[in-house]
Each structure stands twice: as C-alpha cells, then as structure tokens.
Amino acid sequence: MSQSDPTTAAGRHHAPRTVSEPHGIQAHIVGCGTTPVGKLGARPSTLMRRALERALGQAGLPLRQLDGLVAIPSLAEPHFMEAHFLATQMGLLPRKDVIVRTIDTGGAGPITGLLEATRLVHQGWCDVVAVVAGDAVSSLSREEFLRRADQTCRDPEGELPSPVIPHGYDRVAQWQMRTYGTTREQLALCSVLMSRMAARHPDALTRKPHTLESVLASAQVAPVTSTLECARRADGGAAIVVASDRFLSQIGHTRPSVIVVGGGEASGPLYPPPVIDEDMFSCEEACATAYAEARLNVGDIDFFGLYDCFPICLVRAVEAVGLAAKGEGGRWIEQMAERTRSDDWNPADVPVNTHGGLLAYGAPWEVPAMYNVIEAFAQLTGQAGSRQIPDARRALVYGNGGIFSASAVAILQRA
Ligand code: MLC
C-alpha cells in the first residue's frame, strides 16, 4: 500500500487505542526533574534516582506516595526488569500496592511511559506514577557505545555499515531527498535551528549556535549526515510524576500542573526495509490518533516537542504533526531558520523544541523524549524564561524509537 497521502496513514487509525479516562479520572503531570546533561561519570540508575527525587521535589510529594513506577531501560547499564530493579533499589518494593513496569519502545519510551502512566491513573489502578529514564552513553568509550548501539537496529541480513543507526536514518534521508526534493542544506539547517534553540536554554550542551557551513563541514558520518547532525551523545536522567485529580484534590495540591488530553502510538519496522516507502513511518498514525482523542488539530497546539535524533526525523515530524504538508518539511525548516537569523526572534514564531532537542540539548540514549515533555511542562506552566511562548496552553510531544520503529505522541494541556 502506498501512502504518499497522509490521510491514508490517518486511515489506518484504530479508535480503541486511546488513553481516555473511562472512570472520569484525569491524569496530571505535577512534577519534572532532570540531572545535568554531559559526561557525568555516574551510573544510569543513579541518574534515574536523582531525576526522580527532583521530580518528586517539584511535585511536593514523598517517594512513599508513589504507587506506580514506569522505567525505560538504559544502554550503559541494562537490567532485567529495569523498573523492578529501580523500585527494589529505592525501597519502593516490596509493597503490594505498587505497580511497576518496564517499557522498551526505544526513544519513544518516555512518551509511551507517559501514556502508560496516564492509563494506570485513568483506570484507577494508581494515584501517583513516576516515569523515569537515565543513561550514561557518554561515559562509554566510542567503541563500546557503537558495539552496543549497532546491535540495536541491525538488519541481520542487511549491509548497513557502522555506525548502523546514523546510516539507517541516512538511507531514509536520501529517500526523502529523492522523493520530495528535500535538500542537503535543509537537512543541515535542522541542526542550525536546534542549536539556536539550545543557546537559550541554560542546561543545554550546545551553547553556541552552529552555522550552516559549520554543520556541513563537520566530519562525515554517512553519505548525507555529518557529526553535527547526529543526536548529541550525553549522560543524563529525567523523570516526571503523573497523579490523579482525585488524589490531588484529597491532599489539597495547588501547584501548577498539566493534563494529558490525548495520546497515540504506532509501530514501524525495526530497521529500514529494502525498499523505503511511506509504509515504514508511524508518526502520522500516532499523531492522528492523538489529535482525534484530544479532539484538537495542529492549529490548537502552541508548543511542539518533536523527536530530532537526526534531521530527517525532525523533517518527517513537522510534516506528521501538520506544521508542513507532506514533502514540505525541509522547506518549513528553511523558513524557521530564516526567522531565527537575528538574535531577537520570538519563540512564538518557532514553537518547536525550544530546548534544542537531541541535536543540541543533549541525547542520553532513550531519555530525550522526556526532555520534550519537560520543556512542554515548562512552557505550559509559564516557567520557560527567555524561551517562553506567551500564554502557551497546549503542547504536542513526540518520541521516536529505533529507526522510525515506534512512535508515541501525547497532547498536553495547561490545567
Ligand atoms: C557530536 N558532537 C556534537 C554533536 N554530536 N557537537 C554538537 N552537536 C552535535 N549534535 C561532538 C561531540 O560532543 C564530540 O565533541 C565530537 O563531536 C565527536 O562526537 P563523538 O560522539 O564523541 O564522536 P565519536 O565517538 O567519533 O562518534 C560519532 C558518532 C556518534 C556519530 C558515531 O556520536 C553517534 O553514533 N551518534 C549518534 C548517537 C545515536 O545514534 N543515538 C541514538 C539516535 S536514534 P568533543 O569536544 O568531545 O570532541 C534514537 C532512537 C532510539 O534516538 O530509539 O534510540
């Protein structure tokens, strides 16, 4: 089935895959926490714990209040049943009233985790659920990182050279260039744009904006991918806390919060098939499901936290969410790069990844989609400082796993 028309992808949408609240309970994000990003020299489980402590601190809740924990496994220190490992380490288990789940949808994990936490709350199974991710891929040597990363998405029959993941995305980028006329420069401008965003975030790894020339001149990693167009390898942890409205009213919680009003998930193949076509992508379907559930469309969203592990991912995402028509994502990026040329650009004019995304904020393996949620929380609660989009009310956050293999989308709204 060819899907050059985005409505075809939306046509695959199955209504029952929702996060809607069957018992009239609403799920609120009440706290977010991060560690610094960079080369930290700490174990992933330590980073997860630190991030969780900060998220609970922002929520004003003690650890013992958690009755749900969702964790995303790390690459640097993988554990059997990551969430159980963490819950046991932290003393959350043994306890009979705690539900603990490990989610592995690659980089989509934090959003899948958010949707899972939301479901646990909506079903009335949990009142306070944390979603946690952390990794230390910067503290692995280059060789060890690539040995592990290459194994994740390698086609056993295929010929993708190492580094496998950048080469996999590169194949898709070349296809997008041939199919839709996206240019090499438009791809590189994704990194320029993200670096301009990151320069306004005090915690981002990339402090100085790149130029188009510097991106194109950085070391070549794959045919149309340079080093500055790769997710910026880092260590870091991030966590969020999701709570039910009934619990929050019981304890008289009055801190700012954000509700989850829609969600969507969809899947693609683990690695690019021999012939690339529209069928391998899944973000369109995840977005269509999320918009349908929230009964909203692109015009209702004030901030977009879009996955951008490589430029092609961001280009496809701006098309999938509806900011640009199919095939026009590259031109949209070019326009946004034009808008941010002078230093005084207004964040409302470029409402995407105001933190800088994987390309520039930093990318601790499967953690970064959590940064999309955390930036959305900051925007919707008016805490984004110089990055603030005035009166931002709704956000869409997207996580992508593997090589377009898992898409998870959530729509958030200021409570
Ligand atoms: C790297 N550098 C960057 C950068 N990327 N600087 C700015 N912006 C970026 N985007 C810098 C590094 O900090 C370092 O600086 C120098 O460039 C070299 O980078 P490196 O990573 O230390 O180099 P090397 O070990 O040679 O590895 C290069 C690489 C690797 C391209 C093979 O970085 C890589 O594989 N990156 C992609 C990571 C990845 O695949 N993540 C998952 C994405 S897929 P200095 O000053 O220290 O020399 C996904 C989905 C999923 O997200 O499910 O996971």
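The structure presented is a predicted model; accordingly, all values stated were derived computationally and were not measured.

Student: Any chance you could explain the environment of Arg 393 here in plain terms?
Tutor: The topology assignment puts Arg 393 in the loop between α14 (368-380) and β10 (394-401). Given a relative accessible area of 34%, Arg 393 falls into the partly exposed group. Separated by 22 residues in the primary sequence, Arg 393 and Ala 415 have C-alpha atoms spaced 8.7 Å apart. Excluding anything up to four places from it in sequence, Arg 393 contacts Asp 302, Leu 380, Leu 412, Gln 413 and Arg 414.

Student: Would you mind going over the site of the ligand with me for this structure?
Tutor: Surveying the vicinity of the ligand reveals 26 residues, the closest of which are Gly 107, Arg 142, Cys 230, Tyr 307 and Gly 402. Measuring from an oxygen atom of the ligand, one finds a backbone N or O atom of Gly 107 at 2.8 Å. Within the contact set of the ligand, an oxygen atom lies 2.6 Å away from a side-chain nitrogen or oxygen of Arg 142. Contact with the protein chains hides 74% of the accessible area of the ligand, taken as 1,100 Å² for the molecule alone. At the level of secondary structure, the elements contributing two or more residues to the shell around the ligand comprise α5 (142-152), α6 (164-180), α13 (357-361) and β10. Looking at side-chain class alone, the shell around the ligand contains 15 nonpolar, 7 polar and 4 charged residues.

Student: Would you mind showing me how to read helix α12 (residues 329-339) here?
Tutor: Because each turn of an α-helix spans 3.6 residues, side chains separated by three or four positions end up pointing in the same direction. Along α12, the residues that are buried comprise Gly 329, Gly 330, Trp 332, Ile 333, Met 336 and Ala 337. For α12, the arc enclosing every buried residue in end-on projection is 160 degrees, short of the 170-degree limit, so these residues lie on one face. Tucked into the core, α12 has its buried residues touching α7 (184-198) and α11 (311-320).

Student: In this structure, what is going on with the environment of Lys 326? I would like to understand it.
Tutor: Checked against the element boundaries, Lys 326 lands in the loop between α11 and α12. Using a relative accessible area of 18% as the deciding quantity, one classes Lys 326 as buried. Residues Lys 326 and Glu 375, spaced 49 residues apart in sequence, show a C-alpha to C-alpha distance of 26 Å. Engagement of the side chain of Lys 326 in a polar contact is seen with the side chain of Glu 278, the distance being 3.1 Å. Of the polar contacts made by the side chain of Lys 326, one reaches the side chain of Glu 284; its length is 2.9 Å.

Student: Help me understand the sheet that holds strand β1 (residues 27-34), please; the structure alone is not making it clear to me.
Tutor: Pairing between the strands of a sheet comes from backbone hydrogen bonds, and it takes one of two forms, parallel or antiparallel. In spatial order, the strands read β3-β2-β4-β7-β1-β8-β11-β10-β9; together these 9 strands make up an open sheet with mixed pairing. Both edges of this open sheet fall to β3 (99-102) and β9 (303-305), since each of them pairs with a single strand only. Along the sheet, successive strands turn relative to each other by an average axial angle of 25 degrees, direction set aside. In this structure, β10 lies alongside strand β11 (residues 406-414), joined through 8 bridges in antiparallel fashion. If you follow Arg 394 over to β11, its bridge partner there is Gln 413.

Student: Whenever I open this one, the packing of helix α4 (residues 109-122) against α14 confuses me. Can you help?
Tutor: Each pair of packed helices can be summarised by the angle the axes make with each other and by the distance between the axes. Put simply, α4 and α14 touch, their axes get as near as 6 Å, and they point 60 degrees apart. In terms of orientation, α4 lies oblique with respect to α14. Here Pro 110, Ile 111 and Leu 114 of α4 come into contact with α14, specifically with Ala 369, Met 370 and Val 373. When its residues are assigned to classes, the contact of α4 with α14 shows 6 nonpolar, no polar and no charged.

Student: What should I look at first to understand the nonpolar core in this one?
Tutor: Within soluble globular proteins, side chains that are nonpolar tend to cluster in buried spots. The biggest cluster of nonpolar side chains holds 115 residues, and the ones touching the most others in it are Ile 29, Ile 240, Leu 306, Leu 396 and Leu 412. The dominant element in this core, judged by the number of residues it contributes, is α7, at 9 residues. Beyond its immediate sequence surroundings of up to four residues, Ile 29 is in contact with Leu 114, Ile 240, Val 241, Val 242, Pro 256, Ser 257, Val 258, Val 260, Val 373, Phe 377 and Leu 412.

Student: Please explain the confidence of the model for the chain as it appears in this structure.
Tutor: Do not read the fine detail of predicted coordinates wherever pLDDT is low. This prediction gives the chain a mean pLDDT of 94; 95% of its residues lie at or above 70. Summarising per-element confidence for the chain, the mean pLDDT is lowest in helix α1 (residues 6-11) (38) and highest in β9 (99). Residue range residues 1-16 is modelled with pLDDT below 50. Its contacts to residues more than four positions away, or to other chains, number 23 contacts.

Student: Explain α5 to me, please; I cannot follow it from the model alone.
Tutor: Turning to α5, its buried residues are Phe 145, Leu 146, Ala 149 and Asp 150. Viewed along the axis of α5, the buried residues span an arc of 120 degrees, placing them on a single side of the element. Those residues of α5 that are exposed and aimed more than 90 degrees away from the buried face are Glu 143 and Gln 151. Residues of α5 that are buried in the fold lie against α6.

Student: What is the right way to read the pairing of strand β8 (residues 258-267) from this model?
Tutor: Working note: regular strand, side chains alternate between the two faces of the sheet. Summarising burial for β8: 7 of the 10 residues are buried, a large majority. Of the pairings in the sheet, the one linking β1 to β8 comprises 2 bridges and is antiparallel in character. If you follow His 28 over to β8, its bridge partner there is Ile 259.

So, how was this worked out
Residues numbered from 1 in each chain as written. Predicted model: local features only at pLDDT ≥ 70, side-chain atom pairs only at ≥ 80, totals over all residues. Heavy atoms only, no water. Helix = DSSP H or I, 4+ residues; strand = E, 2+ residues; numbered from the N terminus. Buried < 20%, exposed > 50% of the residue type's maximum accessible area, 1.4 Å probe, protein only. Contact = heavy atoms within 4.5 Å. Near = heavy atom within 4 Å. Polar contact = N/O pair within 3.5 Å; in protein donor to acceptor, adjacent residues only side chain to side chain. Areas by Shrake-Rupley, 256 points an atom, 1.4 Å probe, with all protein chains shown as cover. Nonpolar A, V, L, I, M, F, W, Y, C, P; charged D, E, K, R; others polar. Arc of directions from axis to C-beta. Pairing = 2+ DSSP bridges. Axes fitted to C-alpha atoms, helices over the stretch in contact; angles between N-to-C directions. Parallel < 35°, antiparallel > 145°, perpendicular 65-115°, else oblique. Core = buried A, V, L, I, M, F, W, Y, C linked by side-chain atoms within 4.5 Å. pLDDT = per-residue confidence, 0-100.

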